[in-house]
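# Structure at a glance
Listed here are the chains, written in short residue letters.
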Amino acid sequence: MMAANAIIQVANLSKAFGENEVLRDITVDVAPREVLVVIGPSGSGKSTFLRCLNLLEQPSGGEIVIDGKPLLAKGTDIVAMRAELGMVFQQFNLFPHLKVLDNITLGPVRIRKWPVAKAREKAMELLRKVGLEDKAEVYPASLSGGQAQRVAIARALAMEPKIMLFDEPTSALDPEMVGEVLAVMKQLAKEGMTMVVVTHEMGFAREVGDRVLFMEQGRIVEQGPPEALFERPQQERTKAFLSKVL
Amino acid sequence: MDFRFDIIEDYFPLLMRGTLYTICISLASIVIGSILGLGVGLGKMSRFWFLRWPMQSYINFFRGTPLLVQIFIVHFALVPLFYGKTNAIAAGVIALSLNAAAYTAEIYRAGIQSIDKGQTEAALSIGMTPWQAMRFVVLPQAIKRMIPAFGNEFIVLLKDSSLLTFITVPEIMYWSNAMKNQYIRVWEPFLTAALIYFILTYTLNKLLVWLERKVQA
Ligand SMILES: Nc1ncnc2c1ncn2[C@@H]1O[C@H](COP(=O)(O)OP(=O)(O)O)[C@@H](O)[C@H]1O
Ligand SMILES: [Mg+2]
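Residues numbered from 1 in each chain as written. Chains lettered and ligands numbered in written order. Predicted model: local features only at pLDDT ≥ 70, side-chain atom pairs only at ≥ 80, totals over all residues. Heavy atoms only, no water.

An unreviewed UniProt entry lists chain B under the name ABC transporter permease subunit, with Paenibacillus glycinis as the source organism. Of chain B, the UniProt comment under Sequence similarities (unreviewed entry) reads exactly: "Belongs to the binding-protein-dependent transport system permease family. HisMQ subfamily." Quoted verbatim from the Subcellular location (unreviewed entry) field of UniProt, the annotation for chain B is "Cell membrane". (UniProt positions renumbered as here; feature names shortened; annotations may be inferred.)

Below, the structure is given as structure tokens:
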């Protein structure tokens, strides 16, 4: 299981909030350029799993190795590690006091210490990529949900991360805007980005996912290539879940 | 009852000088107090008890004791302790600043906690340190929301600066009191003082409403 070349290695990861054990003994690897889709009922720990990967939550136990560096070891520069992992949130979390372009350049300028001109050039390039170059000078409040989420993706990409984490990126969107965000993610996958995607979009999982992982009550119940998992689930609980969402 | 405008006229230049003192002392105190208050407020929100505990005590002390007592402590005890002698204006600014720090600390805390946690998480996720997230993402948004409370604190402070008359700072109250003593008249000096304070706070209020509107836009 522990492929030597995995870019994300998670071993026996556990997380409890007080008495509430949210993650139990999660062990999973992600290969470079792989798209791992995580599905499961609400409350099963999907977000917590993702948030442990960039230490927005402190795990209770286990090991996480990102790109060869142990995340939980003493002396690991967590802040620098986080910059290698882009994260896209369900609620976008754009910075409302900054224009779209400044949302994207903030990280490169303040963290990477790029010259402003270089950061702006890169930001415009990313905005073109997500189809929003005409929105560079507006504030996030004037964007639709789908546009906001595409800007959020561009903001994460501006740090040139090695891995992108998506936590239900389309769940807060009106149905007609889901497609434009998924299209950007699809493109990203095609370019070879390593991605971990929590989603309820089974169509996306099937089309773009290299592997689908089903979680329930903090455990990995089953995982496999999308066709196998969707067509021939082995576990009863997977079948029950899929019958509800497919 | 006759009202002697001539003695007001007589004291007008001094009262104006006093007004200038009131304004400058209040301004200096709110600025210094706000800077200290940020430190106190952040300390109070810290995960570390050895920061939290002293900052909480600081706030409790300055909110739980009369400002006049604080002014006397600073003027008669604290400043002489460090400089050998005291200086009324310096002591006044220090006392008002320390007091304002306790109140603005609470304003910062409330403002910062009103910002959605997702903002901090987004900032951390792109690789910011907690301080950078505070500095570039949370504070700029929080301060906008804090403007009314800060304005309020400034107005309170400006009025409270009248207490500095007790340590002979030559501000508005000091000169109206002098006027009372010289002419043995009570209405003219204190109504004049009241009017000056009112004009100051009224103008300040208008300014704040304007600022708030401008920032919201
Ligand atoms: N910060 C937190 N404090 C306490 N409990 C939490 C916290 N975050 C999540 N939980 C709990 O952890 C469980 C899993 O949550 P989550 O990871 O968000 O699930 P999912 O994303 O699969 O819906 C839920 O029971 C939730 O109440
Ligand atoms: Mg979730």
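Moving on from the model shown.
Before going further, it helps to spend a moment on the overall build of chain B. Check the secondary structure of chain B and you find eight helices and zero strands. For chain B, the sequential pattern of α-helices and β-strands runs α-α-α-α-α-α-α-α. Projected onto its principal axes, the C-alpha positions of chain B cover 70 × 45 × 25 Å. Here chain B holds 217 residues, and the buried ones make up 46% of them. Taking the intrachain contacts of chain B between residues at least 6 apart in sequence as the baseline, contacts between residues at least 24 apart amount to 75%. (Helix = DSSP H or I, 4+ residues; strand = E, 2+ residues; numbered from the N terminus. Buried < 20%, exposed > 50% of the residue type's maximum accessible area, 1.4 Å probe, protein only. Contact = heavy atoms within 4.5 Å.)

On a plain count of helices and strands, chain A comes out with nine helices and ten strands. Its C-alpha atoms give chain A a radius of gyration of 18 Å, within 12% of the compact-globule value 18 Å for 246 residues. Projected onto the principal axes, the alpha-carbon positions of chain A cover approximately 55 × 45 × 35 Å. Buried positions account for 55% of the 246 residues belonging to chain A. Considering only contacts in chain A between residues 6 or more positions apart, those separated by 24 or more positions represent 65%. Carbon and sulfur atoms make up 48% of the accessible area of chain A, which totals about 10600 Å². (Rg over C-alpha atoms; globule rule 2.2 N^0.38 Å. Areas by Shrake-Rupley, 256 points an atom, 1.4 Å probe, with all protein chains shown as cover.)

What follows concerns the site of ligand 1. Residues and elements named next belong to chain A. Contacts to ligand 1 come from F17, N20, V22, P41, S42, G43, S44, G45, K46, S47 and T48. In this structure, S44 approaches ligand 1 through a main-chain N or O atom, which is 3.2 Å from an oxygen atom. T48 places a polar side-chain atom, nitrogen or oxygen, 2.5 Å from an oxygen atom of ligand 1. When the free accessible area of ligand 1 is taken as 560 Å², the share hidden by the protein chains comes to 61%. (Near = heavy atom within 4 Å. Polar contact = N/O pair within 3.5 Å; in protein donor to acceptor, adjacent residues only side chain to side chain.)

Moving on, we come to the UniProt feature "transmembrane region" (unreviewed entry) in chain B. All names here are of chain B. What UniProt calls "transmembrane region" (unreviewed entry) maps, in this numbering, to residues 20-43, 64-83 and 190-211. End-to-end, the C-alpha atoms of residues 64-83 are 27 Å apart, and along that stretch the chain is 90% helix and 0% strand. Between the end C-alpha atoms of residues 190-211 there is a gap of 31 Å, over a span that is 100% helix and 0% strand.

With that out of the way, let us pick up the side chain of E121(B). Among the structural elements, E121(B) can be located in helix α5 (residues 117-125). Take E121(B): its relative accessible area is 12%, and that puts it in the buried class. Only 2.8 Å separates the side chain of E121(B) from the side chain of R51(A), close enough to count as a polar contact. Setting aside its immediate chain neighbours within four residues, E121(B) contacts R51(A), L56(A) and F89(A).

So, on to the UniProt feature "domain: ABC transmembrane type-1" (unreviewed entry) in chain B. In the UniProt entry, the feature "domain: ABC transmembrane type-1" (unreviewed entry) is given for residues 19-208 of chain B. Each end of residues 19-208 of chain B is marked by a C-alpha atom, and these two atoms are 20 Å apart; helix forms 84% of the span and strand 0%.

Before going further, it helps to spend a moment on the pattern of salt bridges. Residue and element names in this part refer to chain B. The full count for this structure, using the stated rule, is 21 salt bridges over all chains. Among the ionic pairs, K117 bridges to E121, the shortest N-O distance being 3.9 Å. A residue pair is termed a helical-turn pair when its members lie 3 or 4 positions apart in one helix, as K117 and E121 do in helix α5 at four residues. (Salt bridge = Lys/Arg side-chain N within 4 Å of Asp/Glu carboxyl O.)

Right, let's get into the sheet that holds strand β7 (residues 163-167) of chain A. All names here are of chain A. Read from one edge of the open sheet, six strands run β6-β7-β8-β3-β9-β10, paired in mixed fashion. On the outer flanks of this sheet lie β6 (85-88) and β10 (219-224), each paired with one strand and no other. When strand polarity is set aside, the average angle formed by the axes of neighbouring strands in this sheet is 20°. Bridge analysis of strand β3 (residues 35-39) against strand β9 (residues 211-216) gives four bridges, and the strand direction is parallel. Counted as the bridge partner of I39 is F214 from β9. Against the sheet, helix α5 (residues 145-157) makes contact with β6 and β7, and its axis sits at roughly 170° relative to β6, the strand it touches most. Sitting on the sheet, helix α6 (residues 175-190) touches β3, β7 and β8 (194-198), and the angle it makes with β8 is about 145°. (Pairing = 2+ DSSP bridges. Axes fitted to C-alpha atoms, helices over the stretch in contact; angles between N-to-C directions.)

Interface size is often expressed as the accessible area that is lost when the parts come together. Opposite the 18 residues of chain B that make contact, chain A presents 20 residues. Buried surface at the junction of chain B and chain A, both sides included, amounts to about 1700 Å², of which 63% is carbon and sulfur. When the buried surface of chain B facing chain A is broken down by residue, S125(B), I126(B) and F136(B) rank first, second and third, together holding 35% of it. Its salt-bridge partner being R51(A), residue E121(B) comes within 2.8 Å of it at the nearest N-O pair. Across the contact surface, chain B and chain A share six residue pairs in polar contact (both at pLDDT 80 or more). Secondary-structure elements contributing two or more residues to the side of chain B that touches chain A are α5 and α6 (130-160) of chain B. (Buried area = accessible area lost by both parts, 1.4 Å probe.)

A few words now on the sheet that holds strand β2 (residues 20-30) of chain A. Residue and element names in this part refer to chain A. In spatial order, the strands read β2-β1-β4-β5; together these four strands make up an open sheet with antiparallel pairing. Since the sheet does not close on itself, it has two edges, and those belong to β2 and β5 (69-70), each with one partner. Of the pairings in the sheet, the one linking strand β1 (residues 8-17) to strand β4 (residues 61-66) comprises five bridges and is antiparallel in character. Note on β4: the bridge partner recorded for Q9 is V65.

The predicted coordinates should not be examined in detail at positions where pLDDT is low. Of all residues in chain B, 99% attain a pLDDT of 70 or more, and the chain-wide mean is 96. When mean pLDDT is taken per element in chain B, α5(B) scores highest with 98 and helix α8 (residues 187-216) of chain B scores lowest with 94. (pLDDT = per-residue confidence, 0-100.)

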